[in-house]
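Residue strings, one per chain:
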Amino acid sequence: MLSYNMDVEPRSRWLRTTPGAAALAQPYYCSEAGLFYGREHFATARTDKESYILFYTLEGAGLVEQNGAQVTLEQGSALLLDCRTPQSYCTAPGQKCWHHYWTHVDGPGVRALVPVLIPGQHLCPVSLPGVDVRSFFSNILDNVRTETSVSAIDVSLAIHQILAAMAHQRLTGGAGSNRATVERAADYLRAHYSEPLCLDELIQSAHMSKSYFLRLFRQYMGTTPYNYLLCYRITQAKDLLVLTDLPVGAIARKVGFADESNFSTRFSSMAGQSPLQYRRSALQKK
């Protein structure tokens, strides 16, 4: 259910579209977009909608509420919100206006960035200094109703540019101690990749709970500690297969696998070839 007080200036825009096959094939697509010059009494409340909404404040400030939490979206800040959970947003108290871009977005690219931009379903405004967000939103508004293959790509790219800038800022612009902790853990895994992994020891050295550590590691590294280690081991194995004539069993042990069969199965799954096939194909290219 949607309720609102559309206290906006007449120059505001609200565009709707029905994404076609070309749009749905993209990692990001848009179903609605707008530029609202909200005045003092602008307000919206919604119980649910099958999409995410992306805001960017041009002037004034907005107040966004969800799950009992409130955040103020100030000028130059963006926010990604999951509309499947009840939410409300309005011109912030004490503000005369909330001029903002918005767009309802979805797609696998959006969902892949949710752990970074909406961690634990918490509202996380992101300041985007030096990013030309206006041009990206303008691109969305110009193309959202064109409904061609090219326009679908242009809209997807514009959404990606905004969300990627937000994710980059989230991962590099704050919480330095958490990032440093994860980076130390990753350094440890790379330095000791040939040894058995003891996750409990890794977590103890981080001095935080297991669930929090795993969430931070996935947020900053994009995967779990085990999968990160596994990818690193397979990468080292690829180097040894190409640069040495060691047998597969010896390589398996050097990169931390106690069992050659398990190594071969993992390698084939991740590389798309068996270790020997990878060696032959790599040497043929030289």
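Preceding block: the structure.
Residues numbered from 1 in each chain as written. Predicted model: local features only at pLDDT ≥ 70, side-chain atom pairs only at ≥ 80, totals over all residues. Heavy atoms only, no water.

**Student:** Got a minute to help me understand unusual backbone geometry in this structure?
**Tutor:** For residues that are not glycine, phi is negative in most cases, and the peptide bond is trans in most cases. Unusually for a residue other than glycine, Gln121 sits at a positive phi of about 60°. Along the chain, the position of Gln121 falls in the loop between helix 2 (108-117) and strand 10 (126-127). (Helix = DSSP H or I, 4+ residues; strand = E, 2+ residues; numbered from the N terminus.)

**Student:** I'm lost on the packing of helix 8 (residues 225-243) against helix 10 (residues 260-271) in this one. Help?
**Tutor:** Angle between the axes and distance between the axes: these two values describe a pair of packed helices. Two elements in contact, helix 8 and helix 10, have axes separated by 11 Å at closest approach and are oriented at 95°. With respect to their mutual orientation, helix 8 and helix 10 come out roughly perpendicular. Contacts between helix 8 and helix 10 involve Tyr226, Leu230, Cys231, Ile234, Ala237, Lys238 and Leu241 from the first element and Phe263, Arg266, Phe267, Met270 and Ala271 from the second. Taken together, the residues of the contact of helix 8 with helix 10 sort by class into ten nonpolar, no polar and two charged. (Axes fitted to C-alpha atoms, helices over the stretch in contact; angles between N-to-C directions. Parallel < 35°, antiparallel > 145°, perpendicular 65-115°, else oblique. Contact = heavy atoms within 4.5 Å. Nonpolar A, V, L, I, M, F, W, Y, C, P; charged D, E, K, R; others polar.)

**Student:** For this particular structure, what's the right way to read the packing of aromatic side chains?
**Tutor:** Aromatic rings in a pair are described by how distant their centres are and how their planes are angled relative to each other. Counted according to the given criterion, the structure contains 16 aromatic pairs. Note on Phe55 and Trp98: the rings are 5.5 Å apart at their centroids and 45° apart in plane angle, and the pair reads as tilted. Of this pair, Phe55 sits in strand 5 (residues 52-66) while Trp98 sits in strand 9 (residues 97-106), and the two are 43 residues apart along the sequence. Note on accessibility: Phe55 and Trp98 belong to one class, buried. Each ring, one from Tyr193 and one from Tyr232, has its centre 5.3 Å from the other, and the planes form 70°; the classification is edge-to-face. Here the residue Tyr193 occupies a position in the loop between helix 5 (176-191) and helix 6 (199-206), and Tyr232 occupies one in helix 8, the gap between them amounting to 39 residues. Ring pairs connect the aromatic residues Tyr4, Trp14, Phe36, Phe42, Phe55, Tyr89, Trp98 and Trp102, which therefore count as one cluster. The lysine or arginine in question, Arg11, covers the ring of Tyr37, its NZ or CZ lying 3.6 Å from the ring centre. For Arg16, the ring lying beneath its charged end belongs to Trp14, and the centroid distance is 4.1 Å. (Phe/Tyr/Trp six-rings, centres within 6.5 Å; stacked < 30°, edge-to-face > 60°. Buried < 20%, exposed > 50% of the residue type's maximum accessible area, 1.4 Å probe, protein only. Lys NZ or Arg CZ within 6 Å of the ring centre and 35° of its normal.)

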